[in-house]
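Residue-level listing of the chains:
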Amino acid sequence: MGNRAKTLKELAERLDVSITTVSRALAGHEQIALKTRNRVAAAARELGYIPNRAARQLVSGRSNFVGFLMPLRGPNFIDSYLGEFVTGLGEGLVSHGLDLFLATVQQGQNELDVLRHVVESGRADGIVVPRIAEDDPRLTYLAMHDFPAVSHGRLLNPTISYNWLDSDGEAAFSEIFDLLYEHGHRHIGLVTISDKMTFRHYREAGLQNAIARRGDRSVRLSIESFPRFDRGASVAAVNRMLASPDRPTAMIGLFDEIAMTILEEAARAGLSVPRDLSVVGFDNIIAGAYAPPGLTTFDANIRTSAREIANMLVDVIEGRAATPITRLVRPQLVLRASHGPAPKEI
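Residues numbered from 1 in each chain as written. Predicted model: local features only at pLDDT ≥ 70, side-chain atom pairs only at ≥ 80, totals over all residues. Heavy atoms only, no water.

So what's going on with the pattern of salt bridges? Residues and values would help.
According to the stated counting rule, one finds 19 salt bridges in the structure shown. Salt bridges sharing common partners tie together E91, R303 and R307. (Salt bridge = Lys/Arg side-chain N within 4 Å of Asp/Glu carboxyl O.)

Account for helix α9 (residues 198-214), naming residues and giving values.
For α9, spanning 17 residues, the distance from its first C-alpha to its last is 25 Å, which sits close to the expected 24 Å at 1.5 Å a residue. Along α9, the residues classified as buried are T198, F199, R200, Y202, R203, E204, A205, G206, L207, A210 and I211. Here the buried face of α9 lies against α8 (169-182), β6 (187-193), β7 (220-226) and β8 (250-253). Positive phi appears at G215, one or two residues downstream of α9, with a value of about 65°. (Helix = DSSP H or I, 4+ residues; strand = E, 2+ residues; numbered from the N terminus. Expected span 1.5 Å × (residues − 1). Buried < 20%, exposed > 50% of the residue type's maximum accessible area, 1.4 Å probe, protein only. Contact = heavy atoms within 4.5 Å.)

A description of the pairing of β6 should follow, citing residues and the corresponding values.
Most of β6 is tucked away: seven of the seven residues are buried. Of the two faces of β6, the one holding H187, G189, V191 and I193 and the one holding I188, L190 and T192 are both buried throughout. As defined by bridge partners, β6 adjoins β7 across seven bridges and the pair is classed as parallel. Pairing of I188 across the sheet is with L221, part of β7. At this point the chain moves from β6, through α9, to the parallel β7, and the crossover so formed is right-handed. (Pairing = 2+ DSSP bridges. Right-handed = clockwise from strand over helix to strand, strands pointing away.)

Requested: an account of the side chain of E134, with residues and values cited.
Mapped onto the elements of the fold, E134 is located in the loop between β3 (126-130) and α7 (137-144). What makes E134 buried here is its relative accessible area of 17%. At 3.3 Å, the side chain of E134 and the side chain of R200 are in polar contact. Look past the residues within four positions of E134 in its chain and what remains in contact with it is L155, L156, N157, K196, M197, T198, R200 and H201. (Polar contact = N/O pair within 3.5 Å; in protein donor to acceptor, adjacent residues only side chain to side chain.)

Let's hear about α7: which residues, and what values?
All of the buried residues along α7 are R138, L139, Y141 and L142. Considered in projection along α7, the buried side chains sweep an arc of 160° and stay on one side of the axis. Where α7 is buried, its residues touch α6 (111-120), β3 and β4 (149-152). Note on α7: the residue one or two positions beyond its end, D146, has a positive phi of about 50°. (Arc of directions from axis to C-beta.)

Got a sec to walk through the sheet that holds β3? Specific residues and values, please.
Picture the strands of a sheet paired through backbone hydrogen bonds; they go either parallel or antiparallel. A sheet is described by the order of its strands in space; here six strands give the open sequence β2-β1-β3-β4-β5-β11, paired in parallel fashion. Across the chains shown, the open sheet's two edge strands, defined by having one partner strand only, are β2 (99-105) and β11 (326-329). Neighbour-to-neighbour, the strand axes of the sheet open up by a mean angle of 20°, direction not taken into account. Taken together, the two bridges between β4 and strand β5 (residues 164-167) define a ladder with parallel strand orientation. Paired with S151 across the two strands is W164, which belongs to β5. Across the sheet, helix α13 (residues 302-317) touches β1 (65-71), β3, β4, β5 and β11, and the angle it forms with β4 is around 160°. (Axes fitted to C-alpha atoms, helices over the stretch in contact; angles between N-to-C directions.)

Report on the nonpolar core, specifying residues and quantitative values.
F85, L89, F173 and V191 are the most contacted members of the largest nonpolar core, which has 67 residues in total. Broken down by element, this core gets its largest block of residues, nine residues, from α13. In this view, L89 contacts F68, L100, V128, A306, R307, I309 and A310; residues no more than four positions away in its chain are not counted. (Core = buried A, V, L, I, M, F, W, Y, C linked by side-chain atoms within 4.5 Å.)

Below is the structure:
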């Protein structure tokens, strides 16, 4: 195509304006009149001009990339949360003309070292940090460097200012208890993780507080825990509870993967769900709907939340957030067949 404009200079000459004007118009700078921006954009399309990302970064000081740290957990670990979250995050960013890049963290590698490299290399205009620990050095580092970031999750006792969006797991687990209590369950089992994650703290607190509010001395709570990414330990924890002579009539998984393990191991033990045992999870991952007999759970709106986090981060990058942005999202109860009335006898 003979009339293609290959450089910014050629495009500026065709339009008879300065290179700076063309560059700023293509970047959407508001100091360039809208009419001029539209004219430059139309000419760029007509002449087949493709902006050079490296050159644009030199002009704007921006990379137009947002970083997301993705730890690698090994070939047998399936993480439904990450798939949903990354999809939503990418959808949200692309609507603002930004691209997502995944900074992978190898097994045994320090996640903070990878984060530090992403920030100090200038590869990203902002960072999204998932799965926040009660005390999380990643957020401390980002706050110290005043680097644009939004976390999916909260610190337990923050001493820094930061931007976050989180699911209200405390309210959800309170609602889970009320649901089971109304079905006659008085012995509840919780299979949880031993890691000091804030989402674990709030979900457990919601359950404990709901039990306390009832003031019913006949209610008992049994708890089994395991290290978060140890599949063998999770199966062992579930089976310890299932094999107990005083087995709970209802078992809650801290998240859906645990609840689905409960369903699998209960079936292996010859238990009928929900006749012998009610099971409830949290997250509403797609597989939960198909795990027999269908998992009662809470929809944490992971994909929608990730899109909202993208919007929040753009506001932070653009300097539109004068104070920290915080959002607490109420999960929605999804009723399926895995819960029912408490059995008369165990």
